[in-house]
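Here is how the chains run, residue by residue.
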Amino acid sequence: MNKILPVARTAVGVLLASVMGMSVAQSAAPDKVVASAGSVTIGQNEITRLLQGMPEAERSAIKNNRAGVENWLRQRVASESLLREAQSKGWGERPDVKAKVDAAVREVTARIVSTAYLESVAQVPATYPSDAEVKAAYEQGKANFNLPATYRVAQIYLASNGGDAAATSKLRDEAKKLATQARGGDFAALARSRSQDPRSAERGGEVGMLPLEQMLPEVREAVAKLKTGQVSEPVQSASGFHIVKLLETQPARTATLEEIKPRLQTALRDQRQQQLVQAHMAGLVPAGSLKIDSAALDAALQK
């Protein structure tokens, strides 16, 4: 399945952004070292924590972008090395640096305390929303709950080793022969024995039920032209050749209430919490109670 899906390159950026906000302290528990440079190490636990905090789509994209992950590890080790270098030179004891650290601590502390308190006074009742409220929201937004057409596909994948034109031509010829065999024989058996994508090969080449948008652009175009049961000509992508068979098509439709219910419940609870937050904040400074010195404000804005 991995090879037919496009890699979300921005996901590694999310991973990097996430780690920059973390403490650089390493876990005291035994941890398998994944990357190291000198005395700086990055363990499995840190990577696992980051991945577990991400949405499934981003986590899957990162796992499949080996080069991006290795680049992130390099930057992570460099960041830790930079910090240790600065600390070894007593940079944290400089008055100007300590002042910035103290200000940052005060700001973060204030934000955490305020946020935690606000969450406690803006708690949404466990019984909200009711089934009736969810159904009403579904009917109101039904026009926006459209699901795209989906395609159940199987593939035989031949990986390219990044060789020269001659190697690519040889691989293309091999793919063409496999496509011919697949049309006249057992596609699933051929995928199990010849496909170089282990995850789909063990399922007879089946990748799953996907909308076109979740496929590689090259594969997407080929699948859109197939009729159920047909096998495509070899499709070349950046990583290799794909021979695709269309097994089933589901037309575009409106999601059912049961399908959309979990998302609606979450959205309604988030909306209610925002309403409670806004109401509480408004109550802290009622309309008409705020006094503003216009002259002082004008002077401040002119500085």
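Definitions and limits used
- Residues numbered from 1 in each chain as written.
- Predicted model: local features only at pLDDT ≥ 70, side-chain atom pairs only at ≥ 80, totals over all residues.
- Heavy atoms only, no water.
- Helix = DSSP H or I, 4+ residues; strand = E, 2+ residues; numbered from the N terminus.
- Buried < 20%, exposed > 50% of the residue type's maximum accessible area, 1.4 Å probe, protein only.
- Contact = heavy atoms within 4.5 Å.
- Areas by Shrake-Rupley, 256 points an atom, 1.4 Å probe, with all protein chains shown as cover.
- Axes fitted to C-alpha atoms, helices over the stretch in contact; angles between N-to-C directions.
- Parallel < 35°, antiparallel > 145°, perpendicular 65-115°, else oblique.
- Nonpolar A, V, L, I, M, F, W, Y, C, P; charged D, E, K, R; others polar.
- Phe/Tyr/Trp six-rings, centres within 6.5 Å; stacked < 30°, edge-to-face > 60°.
- Lys NZ or Arg CZ within 6 Å of the ring centre and 35° of its normal.
- Expected span 1.5 Å × (residues − 1).
- Bend = angle between axes of the 7 residues up to and from the residue.
- pLDDT = per-residue confidence, 0-100.
- Salt bridge = Lys/Arg side-chain N within 4 Å of Asp/Glu carboxyl O.
- Pairing = 2+ DSSP bridges.
- Patch = residues over 30% accessible without salt bridge, like charges linked within 9 Å, V, L, I, M, F, W, Y side chains within 5 Å.

## Some words on the overall build of the chain
When helices and strands are tallied, the chain shows twelve helices and eight strands. Every one of the 303 residues in the chain was classed for burial, and the buried ones make up 28%. In the chain, the proportion of contacts linking residues at least 24 apart, taken out of those at least 6 apart, comes to 71%. Total accessible area on the chain is roughly 19400 Å²; 54% of this is exposed by carbon and sulfur atoms.

## Side note on the packing of helix α6 (residues 131-141) against helix α11 (residues 257-284)
Between two packed helices, what matters for the description is the angle formed by their axes and the separation of those axes. In contact at an axis separation of 10 Å, α6 and α11 are set at 105° when each is read in the N-to-C sense. Of the possible angle classes, the one that applies to α6 and α11 is roughly perpendicular. Residues Asp131, Glu133, Val134, Lys135, Ala137 and Tyr138 of α6 touch α11, and the partners they reach there are Leu257, Ile260, Lys261, Leu264, Gln265 and Leu268. Split by residue class, the contact of α6 with α11 holds seven nonpolar, one polar and four charged.

## Comments concerning the packing of aromatic side chains
A full pass over the atoms with the stated rule returns one aromatic pair. Ring geometry for Tyr138 against Phe145: centres 5.7 Å apart, planes inclined by 20°, an arrangement best described as stacked. The positively charged end of Arg94 is found above the aromatic ring belonging to Trp91, 4.3 Å away from the centroid. Cation over ring: Arg272 sits above Tyr128, and NZ or CZ is 4.1 Å from the ring centre.

## Some thoughts on α11
Given 3.6 residues to a turn, an α-helix orients residues that are three or four positions apart in the same direction. With 28 residues, α11 should reach 40 Å at 1.5 Å per residue; the first-to-last C-alpha distance of 39 Å fits that figure. A maximum bend of about 30° is found in α11 at Arg263. Listed as buried for α11 are Ile260, Leu264, Leu268 and Val277. Elements in contact with the buried residues of α11: α5 (95-121) and α6.

## Considerations on the confidence of the model for the chain
Considering every residue of the chain, the mean pLDDT works out to 88; 90% of them sit at 70 or more. Scored below 50 in pLDDT, residues 6-28 shows 41 contacts in the model against residues more than four places distant or in partner chains.

## Let's talk about the pattern of salt bridges
This structure, assessed with the given rule, holds 13 salt bridges. Here Glu46 ties to Arg76 by a salt bridge, and the two come within 2.6 Å at their closest N and O atoms. You can see Glu46 sitting in helix α2 (residues 44-52) and its partner Arg76 sitting in helix α4 (residues 66-88), a full 30 residues away along the chain. For the residue pair Glu46 and Arg76, the accessibility class agrees, reading buried in each case. For Glu206, the salt bridge goes to Arg152, with nearest N and O atoms at 3.0 Å. In this pair, Glu206 is assigned in strand β5 (residues 206-211) and Arg152 in strand β4 (residues 150-159), connecting sequence segments 54 residues apart. Residue classification places Arg152 among the partly exposed residues on the basis of a relative accessible area of 24%.

## Quick word on the pairing of strand β7 (residues 240-250)
Alignment of β4 against β7, held across ten bridges, turns out to be antiparallel. Across the sheet, the residue bridging to Tyr151 is Thr249, located in β7. As paired elements, strand β6 (residues 235-236) and β7 share two bridges and run antiparallel to each other. Across the sheet, the residue bridging to Val235 is His242, located in β7. Counting the residues in the hairpin turn of β6 and β7 gives three residues.

## Thoughts on a nonpolar patch on the surface
Judged by side-chain polarity, Met281, Leu284, Val285, Leu290, Ile292, Leu297 and Leu301 come together as a nonpolar surface patch covering roughly 740 Å² of accessible area. Elements supplying a minimum of two residues to the nonpolar patch: α11 and α12 (294-302).

## Things to note about the side chain of Ser237
Along the chain, the position of Ser237 falls in the loop between β6 and β7. Each residue touching Ser237, except ones within four places of it in the same chain, is listed here: Leu216, Glu218 and His242.

## Examining the pairing of strand β1 (residues 33-37)
Two strands pair when backbone bridges link them, and β1 and strand β2 (residues 40-43) are joined in this way by four bridges, in the antiparallel orientation. Counterpart to Val33 in the pairing with β2 is Gly43. Connecting β1 to the antiparallel partner β2 that follows it, the hairpin turn spans two residues, and Gly38 within it adopts a positive phi of roughly 65°.

## Regarding the sheet that holds β7
Reading across from one edge, β5-β4-β7-β6 is the order of the four strands in this open sheet, with antiparallel pairing throughout. Strands with a single pairing partner mark the edges of an open sheet, and in this sheet they are β5 and β6. Pairing of β4 with β5 involves five bridges; the strand directions are antiparallel. Looking across to β5, one finds that Arg152 is bridged to Met209.

## Things to note about the environment of Gly162
Along the chain, Gly162 turns up in the loop between β4 and α7 (165-184). It is 8.9 Å that separates the C-alpha atoms of Gly162 and Ala238, two residues lying 76 residues apart in sequence.

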